[in-house]
Amino acid sequence: MRSIHRLYLAVLALWPPLSANADTIKVAVAANFAPTLNELVAEFEKSSGHIVDVSSASSGKIYAQIINGAPYHAFFSADQTTPEKLESAGKAVPGSRLTYAIGALALWSAKPDFIDAQLRILKNGQFNKIALANPKLAPYGSAAVEVLEKLDLLTATQAKWVQGENIAQAYQFVFTGNADLGFIALSQIMQKGEITGGSYWLVPADLHTPILQDAQILLPGKNSVVTQQLVEFIKSDLAKAIIQSHGYQTVDKP
Amino acid sequence: MFSDADIATIVLTLKLATIVTVLLLLIGTPIALWLARTRSWLKGPVSAIVAMPLVLPPTVLGFYLLVAMGPEGFVGKFTESIGLGTLPFTFWGLVVASVFYSMPFVVQPIHNAIEAIGTRPLEAAATLRAGPIDRFFSVVLPLAKPGFLTAAILGFAHTVGEFGVVLMIGGNIPGETRVVSVQIYDYVEALEYANAHRLAGALVMFSFATLLCLYLVHGRSALRRTRITND
């Protein structure tokens, strides 16, 4: 009996030092939003005392995981279609979808003074390669194609396209100098509201379909108070300010 | 059964794997010969460099190849200075990366097979006045044939199955760098699972047939000598 008592004490001593009512939830996030979500989660954990485990991957991989029983409480997607599909597959809480961020697209070069407001480099074809995310997979990629279409440069540039599997890879191609320029997410070159380097053109939002990113509560999070609190926090002004400082826009009524 | 786009990726993959295998045999054989015979202190470091791609995660390797072969990297500066431009996003860029990446799968079986021959048959040939080239073609090659076969099949199969490196340096250009593994990945990411299953099924059947050949062609003993685990 005493040994059991001792064991109990030992377990208590080793237990992570949590406050009595701290809960842990699991959240999946599309890779492009992961840095922002980590900052949001840190803020949420500080104010609520709960723990949020963040897993990041592409929206397509997370979809496959959730369909096959991944225990995530909530999902922050990079698009709207993946959450819609999860809802119609019965894997998400119906009606829980909300638009937490609107992505902004930028044409970016690692070289300073390479891209000017008139886009001469792009229009005259004075570049080796232009990187974009795969338009079939990434909303930022299909937005980039729409922009090139609107500028009437689709056929002129197509031979110079290099496609990343996602927006992170498009960024790598430009960052390493292998592509002179590329369409990337503004959030990738923005830290605390400042552009980190190179030259860029912020693509006007009317040149492409809005890149709406939706979040949703998944079935494991259906009755979770903490998940509900996190969603409420994401709608708060503090959260919106953090999301905007990473180069996204937010909606007034998500 | 397959779309034109799928067939283009299959043709490109087979073309890549064939060229890479030929180059690997041409480059890997002298390295394996040297490793099997040398007493130089360089043997350890060279073996380690050849085996390195077994350790590094392919996407990591691919990322650093992208940096090295880019306009700021040392390989990129060299290829630009001799007028070839930079290698990423080209078919020949994939060839160079694949040769590096599949090297251990070719060098090690040949190395083991040559070492297993020992020095005596070669010494005997030398007493019969066979020169180094004659000795290679009439003694080493016939005796180490199973090793060469294993090397060729593994090099070919490993290049067909390559994904991470191609993903990083390829840029997914149809007919140039979009190989089968990347196409399957794209289908999965786009949630087009039926297309993915079809192409993946073909790849599974292909790899089973390849490995079955490996076993049938030269039995189990040669395999035991050159046991290598493909990732």
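Computed from a prediction, not measured in an experiment: that's the story for all the values here.

What counts and how
Residues numbered from 1 in each chain as written. Chains lettered and ligands numbered in written order. Predicted model: local features only at pLDDT ≥ 70, side-chain atom pairs only at ≥ 80, totals over all residues. Pairing = 2+ DSSP bridges. Helix = DSSP H or I, 4+ residues; strand = E, 2+ residues; numbered from the N terminus. Axes fitted to C-alpha atoms, helices over the stretch in contact; angles between N-to-C directions. Contact = placed C-beta atoms within 7 Å. Nonpolar A, V, L, I, M, F, W, Y, C, P; charged D, E, K, R; others polar. Domains from an automatic or database assignment. Buried ≥ 20, exposed ≤ 12 C-beta atoms within 10 Å, placed from the backbone. Core = buried A, V, L, I, M, F, W, Y, C linked by C-beta atoms within 7 Å.

**Student:** Account for the sheet that holds strand S3 (residues 74-76) of chain A, naming residues and giving values.
**Tutor:** Residue and element names in this part refer to chain A. Judged by pairing direction, the sheet is mixed, and its 5 strands sit side by side in the order S2-S1-S3-S12-S4 without closing on themselves. Two strands bound the open sheet, and with one partner strand each, they are strand S2 (51-57) and strand S4 (98-103). With strand direction ignored, the average angle separating the axes of adjacent strands in the sheet is 20°. In terms of strand pairing, strand S1 (residues 24-30) meets S3 through 3 bridges, oriented parallel. Within S3, the residue paired with Val 29 across the bridge is Phe 76.

**Student:** Summarise the interface of chain B and chain A; cite the residues concerned and give the values.
**Tutor:** It is common to report an interface's size as the accessible area lost on association of the parts. Opposite the 17 residues of chain B that make contact, chain A presents 16 residues. Those elements that place two or more of their residues in the side of chain B that touches chain A are helix H3 (58-69) and helix H10 (180-189) of chain B. In terms of residues, the side of chain B that touches chain A owes the most to one element, H10(B), which gives 3 residues. Grouping the amino acids of the side of chain B that touches chain A by side-chain chemistry returns 10 nonpolar, 4 polar and 3 charged.

**Student:** Describe the domain arrangement of chain A, naming the residues involved and giving the relevant values.
**Tutor:** All names here are of chain A. Each assigned domain of chain A is listed here: domain 1 (19-102 + 211-245) and domain 2 (105-202). Centre-to-centre separation of domain 1 and domain 2, based on C-alpha positions: 28 Å. Contact with domain 1, which involves 9 residues of that partner, is made by 12 residues of domain 2. When grouped by side-chain class, the residues that make up the side of domain 1 that touches domain 2 number 3 nonpolar, 5 polar and 1 charged.

**Student:** Provide a residue-level description of the pairing of strand S12 (residues 211-217) of chain A, including the pertinent values.
**Tutor:** On any regular strand, side chains alternate: one points to one face of the sheet, the next to the other face. Residues and elements named next belong to chain A. Burial runs high along S12: 6 of the 7 residues are buried. Here 3 bridges tie S3 to S12, and the two strands are oriented antiparallel to one another. Looking at the pairing, Ala 74 lines up with Ile 217 of S12. Pairing of S4 with S12, which is carried by 5 bridges, proceeds in the antiparallel orientation. Bridge pairing in S12 places Gly 103 opposite Ile 211.

**Student:** For the nonpolar core, give the residues involved together with the corresponding values.
**Tutor:** A:Leu105, A:Ala106, A:Tyr140, A:Ala170, A:Val174 and A:Ile184 are the most contacted members of the largest nonpolar core, which totals 72 residues. The element best represented in this core is helix H8 (residues 167-175) of chain A, accounting for 6 residues. Two domains share this core, each providing at least three of its residues, namely domain 1 (19-102 + 211-245) and domain 2 (105-202) of chain A. Excluding residues within four positions of it along the chain, A:Leu105 makes contact with A:Tyr140, A:Ala143, A:Ala144, A:Val147, A:Phe183, A:Ala185, A:Leu186, A:Val203, A:His208 and A:Ile211. Counting 50 residues, the second largest nonpolar core, distinct from the first, contains B:Leu35, B:Ile153, B:Phe156 and B:Val160.

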